[in-house]
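Summary of the model geometry
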Amino acid sequence: MAVQSTTAESLVEEVFLFGRTLKRAVTTGVEDSPLPQALTGVLTVLATEGGCRQTDLASRLCVSQSALSRQIADLVDLGYIDRHPDPDDRRASRVCVSDEGQARLKHIWDRRARRLAEMLSEWSETEALDALDSIRKLNDTFTEDAHAQHQDVARIELIAR
């Protein structure tokens, strides 16, 4: 049986609320020298998905090229990202997380994981794993849908040429 529209509406509301609440909960009061959330997000995606062109990263992050350029410049200045000419197109550049950036990101995520573990101290391991399974299933579903939409847009752009 399909999910009812009222359930889907409630789920959308709860997912957005959860995202804001989680971010606030794991970042409040735990960073000794905080990296702005937007920069942490760029660094995380780049570390997870690997080095790439800035244009591809902007698409993955759903941000404008100009906003990402400023963020990349800030991360390069901090020594957290390395930027190199793209060997396939010297006009473009590729970015990757530096060793210093990897270390900073590990520090951030270790602190956040400890904070979350403290908050979940009353949960059983089974409850935490069940929550993790549900969140992964949501992420997989959303990722598959976003990928399908991206392919549709790419096909339309190809046809328009």
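Below you will find a few notes about this structure. (Residues numbered from 1 in each chain as written. Predicted model: local features only at pLDDT ≥ 70, side-chain atom pairs only at ≥ 80, totals over all residues. Heavy atoms only, no water.)

Quick notes on helix α2 (residues 37–49)
- End to end, α2 covers 18 Å across 13 residues, agreeing with the expected 18 Å (1.5 Å per residue, within 8%).
- Of the surrounding elements, those touching the buried residues of α2 are β1 (52–53), α3 (54–61), α4 (65–78), β2 (81–86), β3 (89–97) and α5 (99–119).
- Just beyond α2, the residue with positive phi is Gly 50, at close to 90°. (Helix = DSSP H or I, 4+ residues; strand = E, 2+ residues; numbered from the N terminus. Expected span 1.5 Å × (residues − 1). Contact = heavy atoms within 4.5 Å.)

What about a nonpolar patch on the surface?
- Residues Phe 18, Leu 22, Leu 116, Met 119 and Ile 135 make up a contiguous nonpolar surface patch of about 380 Å² in total accessible area.
- At the level of elements, α1 (5–27) and α5 are the ones that each hand at least two residues to the nonpolar patch.
- Position of Leu 22 among the secondary structure elements: in helix α1.
- The exposure class of Leu 22 is partly exposed, given its relative accessible area of 31%. (Patch = residues over 30% accessible without salt bridge, like charges linked within 9 Å, V, L, I, M, F, W, Y side chains within 5 Å. Areas by Shrake-Rupley, 256 points an atom, 1.4 Å probe, with all protein chains shown as cover. Salt bridge = Lys/Arg side-chain N within 4 Å of Asp/Glu carboxyl O. Buried < 20%, exposed > 50% of the residue type's maximum accessible area, 1.4 Å probe, protein only.)

Concerning the environment of Leu 75
- In this fold, Leu 75 is placed in helix α4.
- C-alpha separation for the pair Leu 75 and Leu 39, spaced 36 residues apart in sequence, amounts to 7.1 Å.
- With residues up to four places along the chain from it excluded, the contact list for Leu 75 reads Leu 35, Leu 39, Val 42, Leu 43, Tyr 80 and Ile 81.

Some words on the nonpolar core
- Among the nonpolar cores identified, the biggest contains 18 residues, and Leu 57 and Ile 81 are the most heavily contacted of them.
- When residues in this core are grouped by element, the largest group, five residues, is from α2.
- Every residue in contact with Leu 57, bar those within four places of it in the chain, is listed here: Val 42, Val 45, Leu 46, Cys 52, Leu 68, Ile 72 and Val 95. (Core = buried A, V, L, I, M, F, W, Y, C linked by side-chain atoms within 4.5 Å.)

Let's talk about the sheet that holds β3
- Taken together, three strands build an open sheet; the order of strands is β1-β3-β2 and the sheet is antiparallel. Bordering the open sheet on either side are β1 and β2, each of which pairs with just one other strand. (Pairing = 2+ DSSP bridges.)

Thoughts on the state of the cysteines
- In this structure the tally under the stated criterion is zero disulfides.
- There is no disulfide at Cys 52, and the cysteine sulfur nearest it, in Cys 96, is 9.5 Å away.
- For Cys 52, a relative accessible area of 2% gives the class buried.
- On the accessibility criterion, Cys 96 (25% relative accessible area) is partly exposed. (Disulfide = S-S within 2.5 Å.)

So, the environment of Thr 21
- Secondary-structure assignment places Thr 21 in helix α1.
- A polar contact of 2.8 Å, which involves the side chain of Thr 21, links it to the backbone oxygen of Leu 17. (Polar contact = N/O pair within 3.5 Å; in protein donor to acceptor, adjacent residues only side chain to side chain.)

As for the packing of α3 against α4
- Relative to each other, α3 and α4 sit at 110°, their axes nearing to 10 Å. Judged by the angle between their axes, α3 and α4 are roughly perpendicular. In contact with Gln 54, Thr 55, Leu 57, Ala 58 and Leu 61 of α3, α4 contributes Gln 65, Leu 68, Ser 69 and Ile 72.
- Here the residues of the contact of α3 with α4 sort into five nonpolar, four polar and no charged. (Axes fitted to C-alpha atoms, helices over the stretch in contact; angles between N-to-C directions. Parallel < 35°, antiparallel > 145°, perpendicular 65-115°, else oblique. Nonpolar A, V, L, I, M, F, W, Y, C, P; charged D, E, K, R; others polar.)

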